[in-house]
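# Architecture at a glance
Here are the chains, one letter per residue:
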Amino acid sequence: MTRKPQRACSGPPESGSSPYPAGPRTRSGTPAATRADNDSQDRDRVAAPGADGRRLYRVSEAMHLLSMSRTVIYEQIRAGRLRSLKQGRTRLIPASAITEYIALLEQEVRTE
């Protein structure tokens, strides 16, 4: 007597509900739309230097504030154009340094 191999997926269930999750998912398992909403909330949270009363920002927050990549942020720090400090192993950027850096960029645009 030979057995037929069972198929891994035999089609949608009889009840009419889909066995598949609704919408695309990310590696973390959260829907992509939810992740996009969270990202926009993060950007809104760090909308302007010092606007939320904070005086120090992590590099990831400065990336959002300045719309720059992590690599560019560290290049600007190494070049001395963006001030930063370290607390333990954490690199922090003062809100005043972000304001000064923006003023420097505006000044460079005016002199060109």
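The structure this text deals with has already been given above.
Rules behind the numbers
Residues numbered from 1 in each chain as written. Predicted model: local features only at pLDDT ≥ 70, side-chain atom pairs only at ≥ 80, totals over all residues. Heavy atoms only, no water. Helix = DSSP H or I, 4+ residues; strand = E, 2+ residues; numbered from the N terminus. Expected span 1.5 Å × (residues − 1). Buried < 20%, exposed > 50% of the residue type's maximum accessible area, 1.4 Å probe, protein only. Arc of directions from axis to C-beta. Contact = heavy atoms within 4.5 Å. Axes fitted to C-alpha atoms, helices over the stretch in contact; angles between N-to-C directions. Left-handed = near helix turned anticlockwise from the far one by under 90°. Nonpolar A, V, L, I, M, F, W, Y, C, P; charged D, E, K, R; others polar. Parallel < 35°, antiparallel > 145°, perpendicular 65-115°, else oblique.

A few words on helix α4 (residues 95-111). An ideal rise of 1.5 Å per residue puts 24 Å on 17 residues; α4 measures up with 25 Å between its terminal C-alpha atoms. Looking at α4, one finds that the buried residues are Ala-95, Ala-97, Ile-98 and Tyr-101. Mapping the buried residues of α4 onto a view down its axis gives an arc of 165 degrees, with all of them on the same face. Turned more than 90 degrees away from the buried face of α4 sit Arg-110 and Thr-111, all of them exposed. Looking at the buried side of α4, the elements it contacts are β1 (56-58), α2 (59-66), α3 (70-78) and β3 (90-94).

Its identity as a non-glycine residue notwithstanding, Ser-67 has a phi of 55 degrees, on the positive side. Mapping Ser-67 onto the fold places it in the loop between α2 and α3.

Interhelical geometry of α2 versus α4 gives an angle of 35 degrees and a closest axis separation of 12 Å. Taken as a pair, α2 and α4 cross one another with a handedness that is right-handed. Touching Ala-62, Leu-65 and Leu-66 of α2 are Ile-98, Tyr-101 and Ile-102, all from α4. Within the contact of α2 with α4, the residues separate by chemical class into six nonpolar, no polar and no charged.

A few words now on the packing of α2 against α3. To characterise two packed helices, one gives the angle between the axes of the helices and the distance between these axes. Where α2 meets α3, the closest approach of the two axes is 9 Å, and the angle between their N-to-C directions is 100 degrees. Viewed along their axes, α2 and α3 adopt a mutual orientation that is roughly perpendicular. Mapping the contact onto sequence places Val-59, Ser-60, Ala-62, Met-63 and Leu-66 in α2 and Arg-70, Ile-73 and Tyr-74 in α3. Looking at side-chain class alone, the contact of α2 with α3 contains six nonpolar, one polar and one charged residues.

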